[in-house]
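Examination of the molecular architecture
Listed below, chain by chain, are the residues.
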Amino acid sequence: MRDPFGRHARRLRRALRDDLPATEPIEAYARDDTQGDYWVLTGRELIVLGGAPLAPRGRVLLNDAVGAVTPATVGISAHVRSRTGSGAILIGAFRTSNGVTRRLAALLDPGSDEPEPGHDE
């Protein structure tokens, strides 16, 4: 079966093989434009992968996520942490709106639309 996200998703899936059940699909991912980390959304959590080799730097269950997706000087910034206070504060910057920022914006502030200073990738 062909992966709808291509080789990047396969690389991310390999990096997460010990942390993510094989039955849990990657629903969206985007690369942070400042750190080069990958922000990966599954059906139940946000995982940020970075380093060489790729390894989880932080993760937040979507049910516990609080934060904001906001316009930045250039692009979109995202700040996410767990409502329970456990784990890292995840901070990312993206040149344009993408599947991750749109989904996080809807999750974190369901009453407003995500700002879109650029075009979709």
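The present account deals with the structure reproduced in this document. Since the structure is predicted, the reported quantities are computational estimates derived from the model, not experimental observations.

A word on the sheet that holds strand 1 (residues 26-31)
The strands that make up a sheet pair up through hydrogen bonds in the backbone, lying either parallel or antiparallel. Strands sit in the order 1-2-3-4 across an open sheet of four strands; the sheet is antiparallel. The open sheet is flanked by strand 1 and strand 4 (55-61), the only strands paired with a single partner. Shown here is a sheet whose adjacent strand axes are inclined to one another by a mean of 20°, direction ignored. Here five bridges tie strand 1 to strand 2 (residues 38-42), and the two strands are oriented antiparallel to one another. Bridged to R31 within strand 2 is Y38. Packed on one face of the sheet, helix 1 (residues 7-15) meets strand 1, strand 2 and strand 3 (45-50) and runs near 105° to strand 1.

Re a positive patch on the surface
Among the surface-exposed residues, R7, R10, R11, R14, R17 and R31 lie close enough to one another that they form a single positively charged patch. Looking at the positive patch, the element that brings in the most residues is helix 1, giving four residues. With respect to the helices, strands and loops of the structure, R14 is situated in helix 1.

Section: the packing of aromatic side chains
In total, this model carries two aromatic pairs according to the counting rule given. An angle of 55° between the planes, with centres 6.4 Å apart, marks the rings of Y29 and Y38 as tilted. The exposure class assigned to Y38 is buried, which follows from its relative accessible area of 5%. Ring geometry for W39 and F94: centres 5.5 Å apart, planes at 85°, overall edge-to-face. Note that W39 is positioned in strand 2 and F94 in strand 7 (residues 90-94), a separation of 55 residues in sequence. The class of F94 is buried, set by a relative accessible area of 3%.

A word on the sheet that holds strand 6 (residues 76-82)
Sheet architecture is open: three strands sit in the order 5-6-7, paired in antiparallel fashion. On the outer flanks of this sheet lie strand 5 (65-71) and strand 7, each paired with one strand and no other. Taken over all neighbouring pairs, the strand axes of this sheet differ in orientation by 10° on average, direction set aside. Relative to strand 7, strand 6 runs antiparallel, the two sharing five bridges. The residue of strand 7 that forms the bridge with A78 is G92. Where helix 2 (residues 99-108) meets the sheet, it contacts strand 5, strand 6 and strand 7, and its direction lies at approximately 120° from that of strand 5.

Some words on the side chain of S82
By the element assignment, S82 lies in strand 6. Among the polar contacts listed, one links the side chain of S82 to the side chain of T84, at a separation of 2.8 Å.

Procedures and definitions
- Residues numbered from 1 in each chain as written.
- Predicted model: local features only at pLDDT ≥ 70, side-chain atom pairs only at ≥ 80, totals over all residues.
- Heavy atoms only, no water.
- Pairing = 2+ DSSP bridges.
- Helix = DSSP H or I, 4+ residues; strand = E, 2+ residues; numbered from the N terminus.
- Axes fitted to C-alpha atoms, helices over the stretch in contact; angles between N-to-C directions.
- Contact = heavy atoms within 4.5 Å.
- Patch = residues over 30% accessible without salt bridge, like charges linked within 9 Å, V, L, I, M, F, W, Y side chains within 5 Å.
- Areas by Shrake-Rupley, 256 points an atom, 1.4 Å probe, with all protein chains shown as cover.
- Salt bridge = Lys/Arg side-chain N within 4 Å of Asp/Glu carboxyl O.
- Lys, Arg positive; Asp, Glu negative; His and termini not counted.
- Charge placed at Lys NZ, Arg CZ, Asp CG, Glu CD.
- Phe/Tyr/Trp six-rings, centres within 6.5 Å; stacked < 30°, edge-to-face > 60°.
- Buried < 20%, exposed > 50% of the residue type's maximum accessible area, 1.4 Å probe, protein only.
- Polar contact = N/O pair within 3.5 Å; in protein donor to acceptor, adjacent residues only side chain to side chain.

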